[in-house]
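Tertiary structure, described
Spelled out, the chains give:
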Amino acid sequence: MWDETELDDDSLEQLYDWIDKIPLSRPKKKIERDFADGLLCAEVIKHFFPRLVELHNYPASNGLPQKAANWTLLNSKVLNKLSVNIPDAVIKDLAAGKPKVVEVLLFHLRQRIQEIIANNENPGNASRRSDKPESDQATMESSRRNSLGTRKPASQPMKGGVTMLPSLPPSQIPVVNHQPVKQQKLNPLGPMKRTMSVQRLNETHPGGDVVSKQLFDEKLRECTDKEDAIQLLQAKVQRLEHLVYLKDLRIEDLAQRLKELGTPVR
């Protein structure tokens, strides 16, 4: 539930300090304008929950429709999991850069993030959906809909890893060129090639399984660990890039002061 909280000066100062400690892709100058397209808010959430947000879904924009679209997507895909739901009217105010609106959102967001970290919660528990990345959720939903819409007949596993589908009654045998398949002339080399393939498979994998489940699970864990490591390194790179940007601004400022004082810059 959205709460129009009135923030005093101390609360605002603490909130700004909290934001300043988070590496963002662009410096904070005027917060309602900087956060108007929703990208920096997505970066704040990704800083604490890297797998919950995919930044490419929220392109930087100066147009009001794209800003509102970014906030709508962020609200439904990410903020909903954190139990921070934004009404449509507030989304319009955020996209329009209305003063003191984004501060209220960030205040609630900071409280919720601190609660999740303190209680060691799963951010996906705010809703019953998974905390997987947004693209993975879309893929899973599509797969689930396809599985519900299409039911495949149960298969019967046989020795050697070969799977045989259940037999069909004669009336359901597929027809090609108006003749039953079983009456068509078959290639005499077909069964021979299939037998040779099965033999080679059994020689290579005597158990019948191409890849064991234990090996598959082990590789899956390795991929997950490497993905987490990559995301951590990417976050570190973003922090370092932000520090370099701040240093460049400091150097330009000092060079300008030296120029005003008439001291040559070496």
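Please read these numbers as outputs of a predicted model, since none were measured by experiment. (Residues numbered from 1 in each chain as written. Predicted model: local features only at pLDDT ≥ 70, side-chain atom pairs only at ≥ 80, totals over all residues. Heavy atoms only, no water.)

A closer look at the packing of aromatic side chains
- Inspection of the entire model under this criterion finds one aromatic pair.
- Plain terms: the ring middles of W18 and F48 are 5.8 Å apart, the flat faces sit at 10° to each other, and that makes the pair stacked. Of the two residues, W18 is situated in helix α1 (residues 9-20) and F48 in helix α3 (residues 39-48); the sequence distance between them amounts to 30 residues.
- Taking the relative accessible area as the measure of exposure, W18 reaches 14% and is therefore buried.
- Sitting above the plane of the Y16 ring, K28 keeps its charged end 5.1 Å from the centroid. (Phe/Tyr/Trp six-rings, centres within 6.5 Å; stacked < 30°, edge-to-face > 60°. Helix = DSSP H or I, 4+ residues; strand = E, 2+ residues; numbered from the N terminus. Buried < 20%, exposed > 50% of the residue type's maximum accessible area, 1.4 Å probe, protein only. Lys NZ or Arg CZ within 6 Å of the ring centre and 35° of its normal.)

Thoughts on the confidence of the model for the chain
- Averaged over every residue, the pLDDT of the chain is 75; the share at 70 or more is 64%.
- The low-confidence segment residues 144-165 (pLDDT under 50) makes 17 contacts with residues lying over four places distant or belonging to another chain. (pLDDT = per-residue confidence, 0-100. Contact = heavy atoms within 4.5 Å.)

Quick word on a nonpolar patch on the surface
- A cluster of nonpolar residues, L240, L243, Y245, L246 and L249, forms a patch on the protein surface that exposes about 440 Å² of accessible area.
- Mapped onto the fold, L240 is located in helix α9 (residues 213-261). (Patch = residues over 30% accessible without salt bridge, like charges linked within 9 Å, V, L, I, M, F, W, Y side chains within 5 Å. Areas by Shrake-Rupley, 256 points an atom, 1.4 Å probe, with all protein chains shown as cover. Salt bridge = Lys/Arg side-chain N within 4 Å of Asp/Glu carboxyl O.)

Considering a negative patch on the surface
- There is a patch of like negative charges on the surface, built from D8, D9, D10, E13 and D17.
- Its location among the elements puts E13 in helix α1. (Lys, Arg positive; Asp, Glu negative; His and termini not counted. Charge placed at Lys NZ, Arg CZ, Asp CG, Glu CD.)

Concerning helix α4 (residues 64-77)
- Across its 14 residues, α4 extends 20 Å between first and last C-alpha, which sits within 8% of the 20 Å expected from 1.5 Å per residue.
- Of the positions making up α4, those classed as buried are K67, N70, W71, L74 and N75. Seen along its axis, α4 keeps its buried residues to an arc of 130°; they face one direction.
- Its buried side turned inward, α4 meets α3, α5 (88-96) and α6 (101-118). (Expected span 1.5 Å × (residues − 1). Arc of directions from axis to C-beta.)

A look at the layout of surface pockets
- Size it by volume and the largest pocket reaches roughly 270 Å³.
- Counting residues per element, the lining of the largest pocket draws most heavily on α9, which supplies seven residues.
- Among the residues forming the lining of the largest pocket, the class breakdown is five nonpolar, four polar and four charged. (1 Å grid on protein atoms, 1.4 Å probe; cavity = no way out; pocket = protein on both sides within 12 Å on 5 of 7 lines; lining within 4 Å. Points joined across faces, edges and corners; volume = space filled by probe spheres on them. Nonpolar A, V, L, I, M, F, W, Y, C, P; charged D, E, K, R; others polar.)

Quick word on unusual backbone geometry
- Even without glycine at this site, S83 takes up a positive phi of about 60°.
- On the secondary structure map, S83 appears in the loop between α4 and α5.
- With a relative accessible area of 42%, S83 lands in the partly exposed category.
- Here the phi dihedral of K100 falls at roughly 70°; this positive angle occurs in a residue that is not glycine.
- Looking at the element boundaries, K100 is found in the loop between α5 and α6.
- Look at K100 and you get partly exposed, because its relative accessible area is 49%.

As for the side chain of R110
- For R110, the position within the fold is in helix α6.
- At 8.0 Å, D17 is the nearest oppositely charged side chain to R110, a buried residue that forms no salt bridge.
- The contact partners of R110, leaving out residues within four places of it in the chain, are Q14, L15 and W18.

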